[in-house]
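So you can see what is in the structure, the chains are spelled out below.
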Amino acid sequence: MTVSERAHELAIAAAQAAADKKAQDITIIDVGDQLAITDAFVLAAAPNERQVLAIVDAIEERLLELPEKAKPVRREGERGGRWVLLDYVDIVVHVQHTEEREFYALDRLWKDCPTIPFVDRDLVEADASGSATAE
């Protein structure tokens, strides 16, 4: 894995913020060996423009709450709400409308790059409480 510790922290925090806003198909791709400009891509999808923008806002808020605050150096695509890109230098976040996510298929484009595991903490907590009550 070529991502820095900082990039890993940002990517996981961004992915969790997206998951908290019910983003779909969240993926973190380690692109550090392929790109010199960033270490990782965080990809997330939403079924409508309003949710795309809510996810973007949640990600920005969460990364500002980190001990070493992170602000995007560039933000693109917000007006249309179909695909918003947040460039944090260490990571680049792509929040896409479900249709754009399927059409552009960034996962497929970067399929040769390793992914960074991410599991929504709410799912982990639900599994833990479900298995505790099943016993």
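Residues numbered from 1 in each chain as written. Predicted model: local features only at pLDDT ≥ 70, side-chain atom pairs only at ≥ 80, totals over all residues. Heavy atoms only, no water.

## Points about the overall build of the chain
To be explicit about the condition: Numbering goes from the N terminus for both helices and strands, where a helix is a DSSP run of H or I of at least four residues and a strand is a run of E of at least two. Buried, partly exposed and exposed residues are distinguished by accessible area as a fraction of the type maximum, computed with a 1.4 Å probe on protein chains only: under 20%, between the cut-offs, and over 50%, respectively. The contact criterion used throughout is that any non-hydrogen atoms of two residues lie within 4.5 Å. The method behind every accessible area is Shrake-Rupley, applied with a 1.4 Å probe, and residues are considered shielded solely by the protein chains displayed. The convention is simple: Lys and Arg are positive, Asp and Glu are negative, and His and the chain ends are not counted. Every charge is mapped onto a representative atom, which is NZ of Lys, CZ of Arg, CG of Asp or CD of Glu.
Of the regular secondary structure elements, the chain holds 5 helices and 5 strands. Each helix and strand of the chain, placed in order from N terminus to C terminus, yields the pattern α-β-β-α-β-β-β-α-α-α. Each principal axis of the C-alpha distribution contributes one length, and for the chain these read about 50 × 35 × 30 Å. Counting all 135 residues of the chain, 44% fall into the buried class. For the chain, the proportion of contacts with a sequence separation of at least 24, taken over those separated by at least 6, is 63%. With the model as given, the accessible surface of the chain reaches about 7,700 Å², and the carbon-plus-sulfur share is 51%. With 15 positive and 27 negative side-chain charges, the chain shows a spacing of 6 Å between the two charge centroids.

## Focus on helix α1 (residues 5-20)
To keep it simple, the criterion reads: Each residue after the first adds 1.5 Å to the expected span of a helix.
The first and last C-alpha atoms of α1 sit 22 Å apart over 16 residues, in line with the 22 Å expected at 1.5 Å per residue. Buried within α1 we find Ala7, Leu10, Ala11, Ala13, Ala14, Ala15, Gln16, Ala17, Ala18 and Ala19.

## A closer look at the sheet that holds strand β2 (residues 40-46)
Worth spelling out the cut-off: Whether two strands pair depends on DSSP finding at least two bridges between them. Only C-alpha atoms enter the line fits that serve as axes; for helices the fit covers just the stretch in contact. Angles between N-to-C directions range over 0 to 180 degrees.
Taken together, 5 strands build an open sheet; the order of strands is β1-β2-β5-β4-β3 and the sheet is mixed. One side of each edge strand has no neighbouring strand; the edge strands of this open sheet are β1 (24-30) and β3 (74-76). This sheet shows a mean twist of 10° between the axes of neighbouring strands, independent of strand direction. Alignment of β3 against strand β4 (residues 83-87), held across 3 bridges, turns out to be antiparallel. Bridge pairing links Arg75 to Leu86 in β4.

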